[in-house]
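Coordinates in review
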Amino acid sequence: MTTSQTTIDPGPAVELPTVRNHPLDPAPELGALREQRPLCRLRYPDGHIGWLATSYELARALLVDPRFSVRRTRDPVGDPDVVTALYEAVYALPEHGGIIILLDPPEHTRVRRELAGFFTVAGVGGYRGAIEGALSEAIEEMKAIGPPVDFVDVFALPVSCMTICKMLGAPGEDREEFVRPNAVLASSTSTVEDKVAALTAFLDYCRELIAEKRVRPADDLLSHLVARGELTDDEIAGVALQLLSAGHDTTATMLGLGTFALLCDRSRWERLRERPTEIDGAVEQLLRYLTILQAGAFTRTACEDVEIDGVVIRAGESVTVSLAAANRDPDKFDTPDELDLSGGASGHLAFGHGRHMCLGQHLARLELKLSFGALMIDFPNLDLAVGGDQVSFHDGEDLLFGVRELPVVW
Amino acid sequence: MRIEADRDVCIGAGMCVMTAASVFDQDAEDGRVLVLETEPPEELAELVREAARLCPSGALSVLE
């Protein structure tokens, strides 16, 4: 399989660049690699030498190629002992059968197919009311507290949590049951003991939820899965963990970082406020430009030798695809390093590509679109309460990159 | 132009529907593609090509 006429010289191994010059731009070395050696050798924290792909074309080709596995993946950052221990712990649990990001076909196909019907473009439209309800509550709360507020704590997190809770049929006030353990799991600095404890707590909560749905079914996703009887209770608990985790953290991070991006240069906010019909294209540009899954797509392992652009990836080697680098590829996007809210981001890889492309992407889009729309109506004068350089961001080695807090006024 | 959809490969991502809603739909049960117009009119050709490009599983082929 080839993607272009050029044969790539992969060169010496690098470590994944994670240090940013500007909070809204990926590490600058990623762009340099994309230009010179878009498929290069990558040294992983355990010493393994694998591969890093940074161009748009290669990212798509690698993520759609069926010869790669996601099982027991190798993270390009973080303490390898912690990562290995956590994956060992997860795969030993029967619930892992519902955590689709950890699965290959045929198991992956079977579970994803059970879930896909809830996340269709039309299907997520059914949650518009739930999202609007969550938005109303968050906006009321912001007004009740009065400026300044921490936008993450008062808006971003509650809106995303309420939405996924409503969809799954989890009580909204149960937020802390999964937000806290999820943060520990996603953190680059937690110990293995902390992470295993968090995983256990998170799964205990999910098991309770499923047990509740067996006894008191309601009109929600988890109840429907239980009633259908295609997945075991263990698998449904794993699904609950997957959806509660992926369903709140990512959207909350996009809401926080997206609002920061719109306010740190207020001409962006003003422009979008004046052109509400451009919201869809603006959301796609924010997704592309920010690419919050900063270490890239979950690392794949080659199941057999894969030849690409004159390079041979050997069976067993790890491949990390930098979504952020791919999303700034000038071969694909005009003015890739600008946030042009008028559009042009179609085809971006912020949600990934291939069979693991984000299951919740249409729900995410709807939440983002409705959230920014509501904010612009209710808080037209929204602004940062502190200078942009005083905002604290996630670490370059955390799973997601966003704002930890965002003090705003209006 | 003719559209072919491989429903075994399709993962139900819905990028095709997002791109060209008059040509594609999704099965409400498992999200898999339903091609509403296998031979779409010329004015939709570019959108259909974009839909095929965006498909994350490679399930869509466009025969020109």
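On a predicted model such as this, the values are computed, not experimentally measured, just so you know.

A tally of regular secondary structure across chain A gives 15 helices and 10 strands. Its C-alpha radius of gyration of 21 Å places chain A within 12% of the 22 Å reference for a compact globule of 410 residues. Expressed as lengths along the three principal axes of its C-alpha atoms, the size of chain A is roughly 60 × 50 × 40 Å. Counting the 410 residues in chain A, one finds 57% classified as buried. The long-range share in chain A, meaning contacts at least 24 apart out of those at least 6 apart in sequence, stands at 72%. Looking at chain A as shown, the accessible area adds up to about 16,200 Å², and 50% of this sits on carbon and sulfur atoms. Separation of charge centres in chain A, based on 38 positive and 63 negative side chains, amounts to 4 Å.

Bringing the overall build of chain B into the picture now. The helix and strand inventory of chain B stands at two helices and four strands. The C-alpha atoms of chain B give 10 Å as radius of gyration, which agrees with the globular expectation for 64 residues (11 Å, within 12%). By its C-alpha atoms, chain B is 30 × 20 × 15 Å across when sized along the principal axes. Sequence-distant contacts in chain B: of pairs separated by 6 or more residues, those separated by 24 or more amount to 56%. Total accessible area on chain B stands at roughly 3,100 Å², and carbon and sulfur atoms take up 48% of it. Looking at charge distribution, chain B has the averaged site of its 5 positive side-chain charges lying 4 Å from that of its 14 negative ones.

Attention now moves to the environment of B:Gly14. Within the secondary structure layout, B:Gly14 lies in the loop between β1 (2–5) and α1 (15–19). If near-sequence neighbours (up to four positions away) are discounted, B:Gly14 is found in contact with A:Val121, A:His362 and B:Gln26.

Residues and elements named next belong to chain A. Here we have three strands laid out as an open sheet, ordered β4-β10-β9, and antiparallel in their pairing. Looking at strand neighbours, the two that pair on one side only are β4 (149–150) and β9 (383–384), the edges of this open sheet. Where β9 and strand β10 (residues 407–409) come together, two bridges link them in antiparallel fashion. From the neighbouring strand, Leu384 faces β10, where its bridge partner is Val408.

Looking now at helix α7 (residues 151–168) of chain A. The periodicity of an α-helix, 3.6 residues per turn, causes residues three or four places apart in sequence to face the same way. Residue and element names in this part refer to chain A. The first and last C-alpha atoms of α7 sit 24 Å apart over 18 residues, in line with the 26 Å expected at 1.5 Å per residue. Burial within α7 is extensive, with 15 of its 18 residues counted as buried. Measuring from the backbone nitrogen of Val152 back to the side-chain oxygen at the start of α7 gives 3.0 Å, which picks out Asp150 as the cap. One or two positions beyond α7, positive phi appears at Gly169, with a value near 95 degrees.

What follows is about unusual backbone geometry. A negative phi holds for most residues other than glycine; trans holds for most peptide bonds. All names here are of chain A. Of the consecutive residues Pro105 and Pro106, the connecting peptide bond is found in the cis state with omega at 0 degrees. Secondary-structure assignment places Pro106 in the loop between α3 (80–92) and α4 (107–116). With a phi close to 45 degrees, Arg72 is a non-glycine residue in the positive phi region. Residue position: Arg72 is located in the loop between β3 (68–69) and α3. Accessibility expressed as a relative area gives 42% for Arg72, which makes it partly exposed.

Right, let's get into the packing of helix α6 (residues 128–145) of chain A against α7(A). Residues and elements named next belong to chain A. For the pair α6 and α7, interaxial distance at closest approach is 9 Å and the crossing angle is 150 degrees. In terms of orientation, α6 lies roughly antiparallel with respect to α7. Note on packing geometry: the crossing formed by α6 with α7 is right-handed. Facing Ala130, Ile131, Ala134, Leu135, Glu137, Ala138, Ile139, Glu141, Met142 and Ile145 of α6, the residues of α7 in contact are Val154, Phe155, Val159, Met162, Thr163 and Lys166. Across the contact of α6 with α7, the residue classes tally to 12 nonpolar, one polar and three charged.

With that settled, consider the pairing of strand β2 (residues 49–53) of chain A. Residues and elements named next belong to chain A. β2 sits mainly inside the fold: four of its five residues count as buried. Hairpin connection of strand β1 (residues 39–43) to β2: five residues between the antiparallel strands, including Gly47 at a positive phi of 95 degrees. As paired strands, β2 and strand β8 (residues 318–321) are joined by three bridges and run parallel to one another. Paired with Ala53 across the bridge in β8 is Val321.

A word on the packing of aromatic side chains. All names here are of chain A. Overall, the coordinates contain six aromatic pairs over all chains when judged by the stated rule. Pairing Tyr56 with Phe333 gives two aromatic rings, centres 5.7 Å apart and planes at 80 degrees, and the pair type is edge-to-face. Taken together, the residues span a long stretch of sequence, with Tyr56 in helix α2 (residues 56–64) and Phe333 in the loop between α14 (323–326) and α15 (361–378) at a distance of 277 residues. For the pair shown, Tyr56 and Phe333 are each scored as buried.

On to the interface of chain B and chain A. When the parts of a complex come together, some accessible area is lost, and that lost area is often taken as the interface size. The interface is formed by 23 residues belonging to chain B together with 19 residues belonging to chain A. Carbon and sulfur atoms supply 53% of the area that chain B and chain A bury against each other, a total of about 1,500 Å² over both sides. On the surface where chain B and chain A come into contact, there are zero salt bridges. Remark: the boundary between chain B and chain A carries seven residue pairs in polar contact (both at pLDDT 80 or more). Listing elements by their share of the side of chain B that touches chain A, those giving two or more residues are α1 and α2 (45–54) of chain B. Of the residues belonging to the side of chain B that touches chain A, the class tally is 10 nonpolar, five polar and eight charged.

All names here are of chain A. Tracing the chain through its elements places Ala240 in helix α11 (residues 233–264). It is 14 Å that separates the C-alpha atoms of Ala240 and Arg214, two residues lying 26 residues apart in sequence. Beyond its immediate chain neighbours, meaning those up to four positions away, Ala240 contacts Leu168, Cys206, Ile210 and Leu222.

With that out of the way, let us pick up α2(B). Turning to α2(B), its buried residues number three or more, namely B:Ala45, B:Val48, B:Glu50, B:Ala51, B:Ala52 and B:Leu54. Buried residues along α2(B) sit in contact with α2 of chain A together with β1, α1, β2 (24–26) and β4 (60–63) of chain B.

So, how was this worked out
Residues numbered from 1 in each chain as written. Chains lettered and ligands numbered in written order. Predicted model: local features only at pLDDT ≥ 70, side-chain atom pairs only at ≥ 80, totals over all residues. Heavy atoms only, no water. Helix = DSSP H or I, 4+ residues; strand = E, 2+ residues; numbered from the N terminus. Rg over C-alpha atoms; globule rule 2.2 N^0.38 Å. Buried < 20%, exposed > 50% of the residue type's maximum accessible area, 1.4 Å probe, protein only. Contact = heavy atoms within 4.5 Å. Areas by Shrake-Rupley, 256 points an atom, 1.4 Å probe, with all protein chains shown as cover. Lys, Arg positive; Asp, Glu negative; His and termini not counted. Charge placed at Lys NZ, Arg CZ, Asp CG, Glu CD. Pairing = 2+ DSSP bridges. Expected span 1.5 Å × (residues − 1). Polar contact = N/O pair within 3.5 Å; in protein donor to acceptor, adjacent residues only side chain to side chain. Axes fitted to C-alpha atoms, helices over the stretch in contact; angles between N-to-C directions. Parallel < 35°, antiparallel > 145°, perpendicular 65-115°, else oblique. Left-handed = near helix turned anticlockwise from the far one by under 90°. Nonpolar A, V, L, I, M, F, W, Y, C, P; charged D, E, K, R; others polar. Phe/Tyr/Trp six-rings, centres within 6.5 Å; stacked < 30°, edge-to-face > 60°. Buried area = accessible area lost by both parts, 1.4 Å probe. Salt bridge = Lys/Arg side-chain N within 4 Å of Asp/Glu carboxyl O.

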